[in-house]
Amino acid sequence: AVPSRAEPCRAVQSRAEPISASMGVQGCLRAVSSYSSPQVVVVRNGHLGTAYRALQLLVLLYFTGYVFIIQKGYQEREMGPESSVITKVKGVTQSPSKVWDVGEYVSPPEGGSTFSILTRVDVSPAQAMETCPEPAQPPCCRQDPACWDLQCRAPVPAGQRTGRCVPQAGGTGKSCEVLAWCPVDGGSISESLAEMASQFTVLIKNNIHFPRFGFSKGNIQAAESGYLKSCMFNTTSALYCPIFKLGFLVEQAGEDFAELAEKGGVIGVIITWNCNLDLPDAECNPHYSFRRLDPKGVSASPGYNYSRFAKYYSWNGTRSRVLIKAYGIRVDVIVHGQAGKFSLIPTIITLATALTSVGLGSFICDWILLCCMDKEQRYSSRKFEQVAPG
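Cut-offs applied
Residues numbered from 1 in each chain as written. Predicted model: local features only at pLDDT ≥ 70, side-chain atom pairs only at ≥ 80, totals over all residues. Heavy atoms only, no water. Patch = residues over 30% accessible without salt bridge, like charges linked within 9 Å, V, L, I, M, F, W, Y side chains within 5 Å. Areas by Shrake-Rupley, 256 points an atom, 1.4 Å probe, with all protein chains shown as cover. Salt bridge = Lys/Arg side-chain N within 4 Å of Asp/Glu carboxyl O. Helix = DSSP H or I, 4+ residues; strand = E, 2+ residues; numbered from the N terminus. Buried < 20%, exposed > 50% of the residue type's maximum accessible area, 1.4 Å probe, protein only. UniProt positions renumbered as here; feature names shortened; annotations may be inferred. Contact = heavy atoms within 4.5 Å. Disulfide = S-S within 2.5 Å. Phe/Tyr/Trp six-rings, centres within 6.5 Å; stacked < 30°, edge-to-face > 60°. Lys, Arg positive; Asp, Glu negative; His and termini not counted. Charge placed at Lys NZ, Arg CZ, Asp CG, Glu CD. Axes fitted to C-alpha atoms, helices over the stretch in contact; angles between N-to-C directions. Parallel < 35°, antiparallel > 145°, perpendicular 65-115°, else oblique. Left-handed = near helix turned anticlockwise from the far one by under 90°. Nonpolar A, V, L, I, M, F, W, Y, C, P; charged D, E, K, R; others polar.

A short note on a nonpolar patch on the surface
On the surface, a cluster of nonpolar side chains totalling about 430 Å² of accessible area is made up of Tyr62, Tyr66, Ile69 and Ile70. Looking at the element boundaries, Tyr62 is found in helix H2 (residues 46–70). Its relative accessible area of 43% is what places Tyr62 among the partly exposed residues.

Set out below in structure tokens:
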């Protein structure tokens, strides 16, 4: 039998297949074990060289001055400390009718981070639970006695109607009788507590904790037990004596005490703890700032007041009360801050970012050279080597 011409071709092809596979493996090994370096082209241009060095200098100044020194990019940070606030108010003041102590003008009495100090009250006359005429005069009581009973049984805010029409107090008409705290509408008398309120002292005790670093500190550090009895807050000489006069808080917030006491308002005491834990603990100190939190000069519900509340007492065996609408100064203590400490990981990340950003100058200068200055494509022919596949 005569062999066909295809058989030698098949033999050659079969012998070439292992060779191609071997060459492919060798090519992959060479690609993995090789290292390529970009070609460096030196461009002698005074303007471009100056811009390149200026960009490098700006990047180095930014990372050295701002990122490392100001922002402390080499530190691990924890934002927002765990915090506790305890407050205590002391002082006595007087209104035209009585003397007010802490138990009466501070609300709530628990001493938390938010509390109110009364500076003006509207006091109603004494009231007792009994029946009396309703202030309003329903039409049925004036016109048709047959509908008195129906009209005078409808519910009203003043109290519970009894279903009877009775003569109005001090008037000629008639009105529905109600079972309520009488007199229902006796007006009110306004009394100011602001005479000595500016001298009230406010103790603000604050403790903070950064759990990530296991660091705790408070805003009271006294070597003697009686230190707080005689000190008063001062930024330079008594930073760790957090006792403030109420007038001082209002003044630091930029408000007039007499005006604020008349209409009421909200004062924020902001305590900021920014702690660099690479330094000694004594360098971590609280910073106090004060500002008014409620909008000033609004026409709808200006100032700060809260709903009427009652004071009860017994008079000649009769349970009586007075209603009080209170205006006052509300104090909100707000604590925030951050702590930082050296850590290797953020340091490496910041350094890598800085070194990478230095190359920004080369990118910008290459773009300017290729797009704006290389008219004859001389730089691009040196920078980029074109190889045709074949």
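Let's talk about the UniProt feature "binding site: ATP" (unreviewed entry) in the protein
Taking the numbering used here, the UniProt-annotated feature "binding site: ATP" (unreviewed entry) corresponds to Lys88, Val89, Lys90, Thr201 and Lys325. Considering the arrangement of structural elements, one finds Lys88 in strand E2 (residues 82–90). Assessed through its relative accessible area of 47%, Lys88 is described here as partly exposed. With residues near it in sequence (within four places) discarded, Lys88 still touches Thr201, Val202 and Leu203.

A look at the state of the cysteines
Scanning the entire structure with this criterion turns up three disulfides. The disulfide partner of Cys231 is Cys241, and the gap between their sulfur atoms is 1.9 Å. On the sign convention where negative is left-handed, the bridge of Cys231 and Cys241, at about 85° about the S-S bond, is right-handed. In this pair, Cys231 sits in the loop between strand E12 (215–218) and strand E13 (243–245) while Cys241 sits in the loop between E12 and E13, placing the two residues ten residues apart along the sequence. The exposure class assigned to Cys231 is buried, which follows from its relative accessible area of 11%. Of the residues examined, Cys241 reaches a relative accessible area of 0% and is grouped as buried. Disulfide pairing places Cys275 opposite Cys284 at an S-S distance of 1.8 Å. Overall, Cys284 belongs to the buried group, its relative accessible area being 3%.

Points about the packing of aromatic side chains
Within this structure, the stated rule accounts for 14 aromatic pairs. On the numbers, 4.3 Å between centres and 5° between planes, the contact of Tyr105 with Phe200 is stacked. Here Phe200 lies in the loop between strand E10 (189–192) and strand E11 (201–210) and Tyr105 lies in helix H3 (residues 102–105), a separation of 95 residues in the sequence. For the residue pair Tyr105 and Phe200, the accessibility class agrees, reading buried in each case.

Things to note about a positive patch on the surface
Among the surface-exposed residues, Lys88, Lys90, Lys205 and Lys229 lie close enough to one another that they form a single positively charged patch. Within the secondary structure, Lys205 sits in strand E11. A relative accessible area of 36% means that Lys205 is categorised as partly exposed.

A word on the packing of H2 against helix H8 (residues 344–358)
Contact geometry of H2 with H8 gives a least axis separation of 9 Å together with a crossing angle of 160°. Judged by the angle between their axes, H2 and H8 are roughly antiparallel. At the point where H2 passes H8, the crossing takes the right-handed sense. Of the residues in H8, those in contact with Gln56, Val59, Leu60, Phe63, Val67 and Phe68 of H2 are Thr350, Leu351, Thr353, Ala354, Ser357 and Val358. Partitioned by chemical class, the residues of the contact of H2 with H8 number eight nonpolar, four polar and no charged.

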